[in-house]
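Each chain, written out:
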Amino acid sequence: MRLNDAGRMVQDAWNALPTHYSCVELDSFVVMPNHIHGIVMLNDIGARFIAPNNNPSEENQGAMNRAPTVGEIIRTFKARCTRSINELRGTQGVSIWQRNYYEHIIRNETSLQEIREYINNNPAQWANDRENPDVVGTRLIAHTQIRKDINA
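Keep in mind that what you see is a predicted model, and the values were worked out from it rather than measured.

Asks: It is not clear to me how the packing of aromatic side chains should be interpreted in this structure. Could you clarify?
Replies: Aromatic ring pairs: the centre-centre distance and the angle between the two ring planes describe each pair. According to the stated counting rule, one finds 3 aromatic pairs in the structure shown. Taking 4.3 Å as the distance between ring centres and 10 degrees as the angle between the ring planes, the aromatic pair formed by W14 and F29 counts as stacked. In this pair, W14 is assigned in helix α1 (residues 5-20) and F29 in strand β1 (residues 24-31), connecting sequence segments 15 residues apart. The same class applies to W14 as to F29, namely buried. Ring geometry for W14 versus F77: centroids 5.6 Å apart, planes at 85 degrees, classification edge-to-face. Here W14, found in helix α1, pairs with F77, found in helix α2 (residues 70-89); they are 63 residues apart in sequence, far enough to count as distant. For W14, a relative accessible area of 3% gives the class buried. Residue classification places F77 among the buried residues on the basis of a relative accessible area of 2%. Among the aromatic residues, those joined into a ring-pair cluster are W14, F29, F77 and W97.

Definitions and limits used
Residues numbered from 1 in each chain as written. Predicted model: local features only at pLDDT ≥ 70, side-chain atom pairs only at ≥ 80, totals over all residues. Heavy atoms only, no water. Phe/Tyr/Trp six-rings, centres within 6.5 Å; stacked < 30°, edge-to-face > 60°. Helix = DSSP H or I, 4+ residues; strand = E, 2+ residues; numbered from the N terminus. Buried < 20%, exposed > 50% of the residue type's maximum accessible area, 1.4 Å probe, protein only.

This is the structure in structure tokens:
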């Protein structure tokens, strides 16, 4: 895949995730003409109690500090991509993504390796993908994740 400006914006937003979320580690990722695939690893997650401040003049009574959810991370990623792409096109407020996303918890190393291989090989499979509009008798399907113009 050769990325156009919009595709590079998606790639840049993905690469920036660890700078916005310290618990995020990125793994395999690919921008396709009408969707993306990626692996996000969450490290050191869970709620942590912050002890109350002993200063009675402050209102801090203790609090929970929690890691962001996968949903929050993906929502922020999509919002950053949408804002950047719409600025590029001069199309404020235009939707770029489908409403939801597919997630899967990877539970072992074998599954991780299989999914990495799938992601890394996905561009080579595009010519035969049923969602590729160049495949005879098909059209872009409404549930794709990114509209076709992400890649050149």
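Okay, back to it.
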